[in-house]
Amino acid sequence: MRSRLPAVAEQLFRDIQKTYEDTSQSKTREVPGHEADSRPQGRTKCIVPDDLLIALKFVFGPCALQALDLVDQRSVTCLSSSSGRKAFQVIGGSGRLYTCFVSCHYCPCPAFAYTVLRRNEGLLCKHILAVYLCQAIGVTQQESVSDQQMSTLLSGTVAP
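Residues numbered from 1 in each chain as written. Predicted model: local features only at pLDDT ≥ 70, side-chain atom pairs only at ≥ 80, totals over all residues. Heavy atoms only, no water.

Colleague: Quick one: what's the story with the overall build of the protein, residue by residue and with numbers?
Modeller: When helices and strands are counted, the protein shows 6 helices and 4 strands. Written out in order from the N terminus, the α and β elements of the protein read α-α-α-β-β-β-α-α-β-α. Out of the 160 residues belonging to the protein, those deemed buried represent 38%. By sequence separation, contacts in the protein at least 24 residues apart represent 60% of the contacts at least 6 residues apart. Carbon and sulfur atoms make up 52% of the accessible area of the protein, which amounts to about 10,100 Å² in all. (Helix = DSSP H or I, 4+ residues; strand = E, 2+ residues; numbered from the N terminus. Buried < 20%, exposed > 50% of the residue type's maximum accessible area, 1.4 Å probe, protein only. Contact = heavy atoms within 4.5 Å. Areas by Shrake-Rupley, 256 points an atom, 1.4 Å probe, with all protein chains shown as cover.)

Colleague: Now, about the packing of aromatic side chains: what can you tell me, with residues and values included?
Modeller: Taken as a whole and assessed by the stated rule, the structure comprises 3 aromatic pairs. A centroid spacing of 5.0 Å and a plane angle of 10° characterise the contact between F13 and Y132, whose relative ring orientation is stacked. Of this pair, F13 sits in helix α1 (residues 7-27) while Y132 sits in helix α5 (residues 126-137), placing them 119 residues apart in sequence. Take F13 and Y132: they sit in the same class, and that class is buried. Plain terms: the ring middles of Y106 and F112 are 5.6 Å apart, the flat faces sit at 85° to each other, and that makes the pair edge-to-face. By relative accessible area, Y106 is classed as partly exposed at 36%. (Phe/Tyr/Trp six-rings, centres within 6.5 Å; stacked < 30°, edge-to-face > 60°.)

Colleague: Please set out the pairing of strand β2 (residues 86-91) residue by residue, giving values where relevant.
Modeller: Pairing geometry for strand β1 (residues 76-81) and β2, over 5 bridges, is antiparallel. Considered in β2, the bridge of L79 is made with A87. Between β1 and the antiparallel strand that follows it, β2, lie 4 residues; G84 among them carries a positive phi value of about 95°. Strand direction decides the pairing type here: β2 and strand β3 (residues 97-100), joined by 4 bridges, are antiparallel. The partner of V90 across the bridge, within β3, is Y98. Adjacent in sequence and paired antiparallel, β2 and β3 are bridged by 5 residues, among which G95 carries a positive phi angle near 95°. (Pairing = 2+ DSSP bridges.)

Encoded structure:
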């Protein structure tokens, strides 16, 4: 069974995704008198409106800004195996690699253990929030791994 976020959080991610999709579609139309975008292909800029940024901060607290930094740095990679299993790896601000499981909202970072599990003061840590945001705006890096590598990853013995 997949864990679910509160409805307000789910709606917030849908709103961010819709904003991104609307922005992407408008960028494909040529605007007379404007130069072409000089960013490298695949590095589109997503402008999240202030009202959605405020909502992110309200719903997720202080980790929202840190998660947005991870999104900007393209720190999230989705690992997929041929059997359909998925895990996400997030490079944290310190450079440490965290393997997160969105299906059960789990991250092995100390902030998740303390703030989310022990003190029950937050819904998610910045790493899981970054995964959700990257998925919403379509900037999650993708990597295929073998079923054996995924098995090893899920058992927690060695990273792929």
